[in-house]
Amino acid sequence: MSTDRAGLHSGGIWRRLTGARLVPAVVLLAVVVTAVEAAATSASATADVHGSKLSTVAAPRLTPRGADAEVRVADGLRTSLMRSDTAIAAAKSRLRVLSAQEVALLASLTASRTAQASAQNDATAQRNRLVELGSQVRLARSGLEHSVIDLYFRGDAPLGVMAAALESLTPPLLNSSTDPLVMVSYQVHLRARQLDQARSERSAQAALSSNATSASERATAAAMTSAKAESAHRSVIARQQQRFTRLAATATAQVGRAARVRSTLLRAGGTGAKDADRHLARVLQGRDYKLLMEESSRCGKGSRAYPNGRWPSRARCPLYAAPDQTLRRAAALAFNRMSNAFQRRSGSALCVTEGYRSYAEQVAVKARLPRLAASPGKSKHGLGVAVDLCGGVEDFASPAHSWLQSHAGSFGWFHPAWAGPSGGLPEPWHWEFAG
């Protein structure tokens with residue numbers, strides 16, 4: 001609570017008065033008058049330093065029935081979160097399997113396309129070789145024809161007689177004789193061997209070309225099959241990713257709802273509500289804090305300073321486990337880190353009854369309790385740098401209050417001297433940000 005409170009806090013006199021339903025009206029009125037007079041006396045003694053201090057009735061305690069209902073809501077939400085976590089884990093596992101399968105399919109597709117390209121290159125090379133051999137065969141035939149014609153016109157016997165004589169001869173070495181018949185015999189056998197070799201190579205190359213073409217066709221078919229399989233597999237992965245995205249969105253919505261439920265549980269007090277909050281916090285595993293900090297990357301960023309009580313919502317950030325309460329950006333981020341640290345120690349976040357207080361709220365308080373309320377526009381809450389806490393912090397002797405006294409300074413928060421046990425107006429629940 002800030003300089004606009006008079007000790008009437010949800011954990012102080014006001015809570016005890018409103019909770020005493022069996023007190024007769026006259027007695028209740030007397031108690032109220034006594035409390036107001038005492039508060040007014042204390043406030044006047046410290047008015048020069050702090051001004052009057054007043055508490056609005058922020059976040060009243062739940063009835064036992066309402067607290068039980070919130071506990072049931074928390075239990076149901078915790079069950080839903082666990083189911084969502086199980087479904088998300090299964091979806092992640094399925095995506096990992098599909099990703100491994102996709103790697104294998106991509107490898108198969110790559111191998112098929114490589115084989116296809118190799119087979120096509122081989123077929124092209126064989127066809128080029130066939131063209132080359134065809135040219136060589138045509139040259140060999142042309143040379144043979146010219147040799148025979150030349151010998152026919154220059155020889156003494158008809159071509160038929162010469163051919164018959166050549167068939168009976170054994171092919172001699174090229175340098176064994178200069179006789180024309182020997183030369184003709186040599187040329188005939190040389191051309192014949194060249195022709196046979198060309199025919200043999202042509203036949204072999206034709207077979208190789210056919211094999212290469214078949215291999216290319218098989219490789220093309222394999223590549224098409226692999227491509228279809230890979231495309232179908234990508235569709236399966238896309239559907240699985242869409243399912244995972246939907247599950248994650250549902251879980252995120254549940255986390256946001258859990259943050260609001262935790263705020264109610266923390267304010268409710270009682271063993272059952274505290275236990276429910278701790279169970280919910282264990283299931284959340286800090287996801288509500290992570291989500292809040294991700295969203296806080298935008299809230300209030302670059303905002304200028306506004307008059308007291310005039311800070312727009314865009315210039316403020318929500319508080320951890322109390323998203324309905326806000327502060328200016330620096331104060332909120334520091335408080336959220338402190339609250340998260342407190343949760344790691346105690347199992348629950350800090351309980352917040354009030355953060356920022358608008359000018360209109362200050363006016364309402366002033367109208368309700370004019371003698372105790374500070375003038376509107378004088379509240380630390382109106383600047384977004386003060387909080388009122390609950391959940392045990394409102395007791396000077398509590399472990400929660402002691403933890404804050406030891407650690408709040410590390411986060412830029414402090415308990416003002418006037419609100420201390422020996423201060424002008426003891427308020428253990430009121431803490432301020434120094435930034």
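Because the structure is a prediction, the values reported are computed rather than measured.

(A) How the structure looks around the overall build of the protein. Scanning the protein from N- to C-terminus turns up 10 helices and 6 strands. A buried classification covers 39% of the 435 residues belonging to the protein. Taking the contacts inside the protein whose residues are at least 6 apart along the sequence as the reference set, 73% of them involve residues at least 24 apart. Of the roughly 23200 Å² of accessible surface on the protein, a fraction of 57% belongs to carbon and sulfur atoms.

(B) Representation of helix α8 (residues 329–346). Over its 18 residues, α8 extends 25 Å from the first C-alpha to the last, a length consistent with the 26 Å expected when each residue adds 1.5 Å. Inspection of α8 places Ala331, Ala332, Leu333, Ala334, Phe335, Asn336, Met338, Ser339, Asn340, Ala341, Phe342 and Gln343 among the buried residues, and these make up the whole buried set.

(C) Region of interest: the packing of helix α7 (residues 287–295) against α8. Between α7 and α8, the shortest axis-to-axis distance is 11 Å and the interhelical angle comes to 170°. Overall, the two elements α7 and α8 adopt an arrangement that is roughly antiparallel. Packed against α7, whose contacting residues are Tyr289, Leu292 and Met293, the element α8 presents Leu333, Asn336, Arg337 and Asn340 at the interface. Counted by class, the contact of α7 with α8 contains 4 nonpolar, 2 polar and 1 charged residues.

(D) The environment of Ser118, seen in detail. For Ser118, the position within the fold is in helix α3 (residues 64–154). Judged by relative accessible area, which is 38%, Ser118 ranks as partly exposed. Taking the C-alpha atoms as reference, Ser118 lies 9.2 Å from Ala215; in sequence the two are 97 residues apart.

(E) Highlighting the nonpolar core. Ranked by size, the top nonpolar core spans 25 residues in total, and within it Phe335, Leu404 and Trp413 carry the most contacts. Contributing elements (two or more residues each) for this core: β1 (316–319), β2 (322–328), α8, β4 (386–390), α10 (399–407) and β6 (430–433). The dominant element in this core, judged by the number of residues it contributes, is α8, at 7 residues. The residues contacting Phe335, other than those within four sequence positions of it, are Leu319, Leu327, Leu350, Val352, Val387, Leu389 and Trp413. Among the nonpolar cores identified, the runner-up in size contains 16 residues, and Val71, Leu81, Val255 and Ala258 belong to it.

(F) Main features of the pattern of salt bridges. A complete count under the given rule lists 7 salt bridges for this structure. Residue Arg262 is joined to Asp277 by a salt bridge in which the shortest nitrogen-to-oxygen separation is 2.6 Å. In this pair, Arg262 is assigned in helix α5 (residues 180–268) and Asp277 in helix α6 (residues 271–284), connecting sequence segments 15 residues apart. Asp277 shares its class with Arg262; the two are buried. For Arg357, the salt bridge identified is with Glu354, shortest N-O distance 2.8 Å. Look at Arg357 and you get buried, because its relative accessible area is 1%. Within this structure, Arg262, Asp277 and Asp288 form a network of salt bridges that share partners.

(G) Here's a closer look at the packing of α8 against α10. Packing of α8 against α10 leaves a shortest axis separation of 12 Å and a crossing angle of 130°. In terms of their interaxial angle, α8 and α10 are classed as oblique. Regarding α8 and α10, the two cross each other, and that crossing is right-handed. Residues Met338, Ala341, Phe342 and Arg345 of α8 touch α10, and the partners they reach there are Pro399, Ala400, Trp403 and Leu404.

(H) How the structure looks around the confidence of the model for the protein. Summarising the model, the protein shows a mean pLDDT of 76, and 70% of its residues fall at 70 or more. Counting interchain partners and residues more than four positions distant, the pLDDT-below-50 stretch residues 1–59 has 122 contacts.

(I) Inspection of the sheet that holds strand β5 (residues 413–414) at higher detail. Here we have 4 strands laid out as an open sheet, ordered β3-β4-β6-β5, and antiparallel in their pairing. The open sheet has two edge strands, β3 (351–354) and β5, and neither has a second partner.

Parameters at a glance
- Residues numbered from 1 in each chain as written.
- Predicted model: local features only at pLDDT ≥ 70, side-chain atom pairs only at ≥ 80, totals over all residues.
- Heavy atoms only, no water.
- Helix = DSSP H or I, 4+ residues; strand = E, 2+ residues; numbered from the N terminus.
- Buried < 20%, exposed > 50% of the residue type's maximum accessible area, 1.4 Å probe, protein only.
- Contact = heavy atoms within 4.5 Å.
- Areas by Shrake-Rupley, 256 points an atom, 1.4 Å probe, with all protein chains shown as cover.
- Expected span 1.5 Å × (residues − 1).
- Axes fitted to C-alpha atoms, helices over the stretch in contact; angles between N-to-C directions.
- Parallel < 35°, antiparallel > 145°, perpendicular 65-115°, else oblique.
- Nonpolar A, V, L, I, M, F, W, Y, C, P; charged D, E, K, R; others polar.
- Core = buried A, V, L, I, M, F, W, Y, C linked by side-chain atoms within 4.5 Å.
- Salt bridge = Lys/Arg side-chain N within 4 Å of Asp/Glu carboxyl O.
- Left-handed = near helix turned anticlockwise from the far one by under 90°.
- pLDDT = per-residue confidence, 0-100.
- Pairing = 2+ DSSP bridges.

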